[in-house]
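Results of the structural survey
One letter stands for each residue in the lines below.
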Amino acid sequence: KQTMGPNEELQITVSSLRSLDQGPNLAEFARKNAGQGNLDPLSLLNAGTEMFRDIDHILDAFNDRPHIFNLGHGITPPTPVENVQKMIDHIATGRI
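The rules behind these values
Residues numbered from 1 in each chain as written. Predicted model: local features only at pLDDT ≥ 70, side-chain atom pairs only at ≥ 80, totals over all residues. Heavy atoms only, no water. Axes fitted to C-alpha atoms, helices over the stretch in contact; angles between N-to-C directions. Helix = DSSP H or I, 4+ residues; strand = E, 2+ residues; numbered from the N terminus. Parallel < 35°, antiparallel > 145°, perpendicular 65-115°, else oblique. Left-handed = near helix turned anticlockwise from the far one by under 90°. Contact = heavy atoms within 4.5 Å. Nonpolar A, V, L, I, M, F, W, Y, C, P; charged D, E, K, R; others polar. Buried < 20%, exposed > 50% of the residue type's maximum accessible area, 1.4 Å probe, protein only. pLDDT = per-residue confidence, 0-100. Salt bridge = Lys/Arg side-chain N within 4 Å of Asp/Glu carboxyl O.

1. Details of the packing of helix 4 (residues 49–61) against helix 5 (residues 81–93)
- It is at 11 Å that the axes of helix 4 and helix 5 come closest, and there the two elements cross at 40°. Relative to helix 5, the element helix 4 lies oblique. Here helix 4 and helix 5 pass one another in a crossing that is right-handed. Note on element contacts: helix 5 touches helix 4 through Asn83, Lys86, Met87, His90 and Ile91, opposite Met51, Phe52, Ile55, Asp56 and Leu59.
- Partitioned by chemical class, the residues of the contact of helix 4 with helix 5 number 6 nonpolar, 2 polar and 2 charged.

The following block contains the structure:
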């Protein structure tokens, strides 16, 4: 089989991707940039209704822009695995 070279469109998207933590104004940032990151690790640690609100805020801000969802600064050691699964399920299905 023949393989294709790198997809030029993907290279452009990846080269313009900006990683960010939970600090920036998302609506303003997302109008101009593709993004990666942004959920506050403490929001994931607590995993209450605030976490789902935070996730929805991020998804809404990047609704029509390229975005890789992850945490602003990684998972803190005491975060329960169940909280991570709740986050993944909410992002994938919009349900808890």
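2. Notes on the environment of Leu39
- Position of Leu39 relative to the elements: it lies in the loop between strand 2 (34–37) and helix 3 (41–46).
- Judged by relative accessible area, which is 0%, Leu39 ranks as buried.
- In this structure, the C-alpha to C-alpha distance between Leu39 and Gly72, residues 33 residues apart in sequence, is 5.3 Å.

3. Describing the environment of Leu44
- As for its position among the elements, Leu44 is in helix 3.
- Separated by 11 residues in sequence, Leu44 and Ile55 have C-alpha atoms that sit 9.6 Å apart.
- Among all residues touching Leu44, those that are not within four sequence positions of it are Leu39, Met51, Leu71, Ile75, Thr79, Asn83, Val84 and Met87.

4. Examining the confidence of the model for the protein chain
- Taken as a whole, the protein chain shows an average pLDDT of 74; of its residues, 59% reach a score of 70 or greater.
- When mean pLDDT is taken per element in the protein chain, helix 3 scores highest with 93 and helix 1 (residues 8–15) scores lowest with 46.
- Note that pLDDT drops below 50 for residues 1–14; the model gives that stretch 2 contacts with residues more than four away or on any other chain.

5. Brief notes about the pattern of salt bridges
- Evaluated as defined, the whole model comprises 1 salt bridge.
- Note that Arg53 is salt-bridged to Asp54, the shortest N-O span being 3.0 Å.
- For Arg53, a relative accessible area of 52% corresponds to the exposed category.

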